[in-house]
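One letter stands for each residue in the lines below.
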Amino acid sequence: MRLLPIAVLTITLAALAQSPAPEFLEPTVFEQLPAVRLSNDKIQLTIVTLGGFFANLVLRDDPEQLSPYWNPVRMAREAGRRRSSGGMGHFLCVDGFGPVSPEEQAAGLPGHGEAHTQFWQLRASQKSGPTATLVFAVNLSLVEENLTRTVRMVDGESVVYVETELESRLAFDRPICWAEHATIGSPFLEPGKTVVDMPASRAKTRSHESERGPLPHRLVSSQDFTWPLAPTLDGGTVDLRAAPLNPNSLDHTTCLMDPARDLVFFTALHPEKRLLLGYVFHHQEYPWVQNWEDYAPNLKMARGLEFGTQPFDVPRREVIDLRSLFDAPVYRWLPAKSKIGSRFLFFYTHAPEGFRKVDDVRLEGGKLIIEDRSAAKQITLAASLGL
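The present account deals with the structure reproduced in this document. Keep in mind it's a predicted model, so treat the numbers as computed, not measured. (Residues numbered from 1 in each chain as written. Predicted model: local features only at pLDDT ≥ 70, side-chain atom pairs only at ≥ 80, totals over all residues. Heavy atoms only, no water.)

1. As for the pairing of strand β13 (residues 200-205)
- Both β13 and strand β17 (residues 249-257) contribute to a ladder of five bridges, which runs antiparallel. Bridge pairing in β17 places lysine 204 opposite threonine 254.
- Sheet topology places β13 next to strand β14 (residues 224-225); two bridges connect them, and they run antiparallel. Paired with alanine 203 across the bridge in β14 is phenylalanine 225. (Pairing = 2+ DSSP bridges. Helix = DSSP H or I, 4+ residues; strand = E, 2+ residues; numbered from the N terminus.)

In structure tokens:
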């Protein structure tokens, strides 16, 4: 992510502020980038318009105003360094997820696709009754696609609803790579405390024999396992729900979501702070959740919970050559001159005292039911728009 020249930043913010902003929407700046804040009485979401990042998410009544999202710019600043590239929070990887081929690189295609590098135009903002709606549009010129993303928030709800449409401008069918790169970070992500839960059916560690990373691996390369117990290099297993108490590792795993469910989920819970982030989405649209675990010893940690069409972020040719994994698809078709879409929601809320694990998240009658069965505790959130 490049930093904007002051002139461009000023022009962008001026365009957002041409008319008085409605109460639910406020033009702002986040880490020197133009952004808008979408709010209701429960939550506030900051969306950076360069790249469309969901960059900051807070509860309105939280005195700490602690966002669960990864902010590498802030982390670098706290460590006395400068960060000027990469993503933050939750960003969209389309069309492409992972490194590019030499030919694609020569043609100017960035890693993780174009969407996270482009300005997102705010096409519409309105409120109808209790529901606030933002519509963003992005021209993906290199892959000849149009992207439209609609974000909704309802008064009295701790939920954000996201609907995305991808349109091909080309006259042939093609496989596409699409991932929602949701990433949590410190201080919400805390060693031995913040736990992740999901209904995974099968899992696999990423191959790393030929990799040299900034941190050592703790997991065996390219091995199947049953979530959340992953095989370690010392011959044991480790529970991946929480970051290690003494972090110093960089690993990557993938999980196939339970194909018996239509709606699947993942959650990230900080039980001491009693804060819970969760995502709900359709299995057929996003069969995979990747765990990218960047557990730096300086505690500037990040954990990607990347739900998408493929098991790992690898070049497009490698995805197509793989064809499938665990008998599940690893890409999605975009037909000629046609549109495909996806929907998901995410929520951020307080958890009750003693809530330690999420066994299930389900939508029933306009409500989200979140259960910790071992503690016999339940969270019920209004979710009137559903999926």
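Text resumes after the structure shown.
2. Some points on the packing of aromatic side chains
- The tally for this structure, following the rule as stated, stands at 20 aromatic pairs.
- Centroid distance tryptophan 178 to tyrosine 286: 6.4 Å. Interplanar angle 80°. Geometry classified as edge-to-face. Placement of tryptophan 178 in the loop between β10 (174-176) and β11 (179-185) and of tyrosine 286 in the loop between β19 (275-282) and β20 (288-295) is noted, with a sequence separation of 108 residues between them.
- We classify tryptophan 178 as buried; its relative accessible area is 1%.
- On the accessibility criterion, tyrosine 286 (1% relative accessible area) is buried.
- An angle of 70° between the planes, with centres 6.5 Å apart, marks the rings of phenylalanine 188 and tyrosine 348 as edge-to-face. Highlighted residues: phenylalanine 188 in the loop between β11 and β12 (195-197) and tyrosine 348 in strand β25 (residues 339-350), separated in sequence by 160 residues.
- Judged by its relative accessible area of 0%, phenylalanine 188 falls in the buried class.
- Taking relative accessible area as the criterion, tyrosine 348 reaches 0% and is therefore assigned buried. (Phe/Tyr/Trp six-rings, centres within 6.5 Å; stacked < 30°, edge-to-face > 60°. Buried < 20%, exposed > 50% of the residue type's maximum accessible area, 1.4 Å probe, protein only.)

3. A look at the nonpolar core
- Membership of the largest hydrophobic core comes to 65 residues, with the highest contact counts inside it found for Leu45, Tyr279, Phe281 and Phe346.
- In terms of residues, this core owes the most to one element, strand β7 (residues 131-140), which gives five residues.
- Leave out the neighbours within four places in its chain, and phenylalanine 346 touches Leu45, Phe54, Leu57, Tyr69, Ser158, Val159, Val160, Val162, Gly278 and Tyr279.
- Judged by nonpolar contacts, the second largest core, of 30 residues, contains Ala55, Trp288, Phe312 and Val319. (Core = buried A, V, L, I, M, F, W, Y, C linked by side-chain atoms within 4.5 Å. Contact = heavy atoms within 4.5 Å.)

4. Quick look at empty space enclosed by the protein
- What the rule picks out here adds up to one cavity of 30 Å³ or more.
- In this structure, the largest cavity encloses a volume near 70 Å³. (1 Å grid on protein atoms, 1.4 Å probe; cavity = no way out; pocket = protein on both sides within 12 Å on 5 of 7 lines; lining within 4 Å. Points joined across faces, edges and corners; volume = space filled by probe spheres on them.)

5. Some remarks on the sheet that holds strand β26 (residues 360-364)
- The strand order across the open sheet built from three strands is β26-β27-β28, with neighbouring strands paired in antiparallel fashion. Looking at the sheet topology across the chains shown, the edges are occupied by β26 and β28 (377-382). Geometrically, the sheet is characterised by an average inter-axis angle of 20° between neighbouring strands, direction not taken into account.
- In this sheet, strand β27 (residues 367-372) lies alongside β26 in antiparallel orientation, the contact comprising five bridges. When the sheet's bridge partners are listed, valine 361 is paired in β27 with isoleucine 370. (Axes fitted to C-alpha atoms, helices over the stretch in contact; angles between N-to-C directions.)

In short, the description is geometric, and any link to function would need to be established separately.
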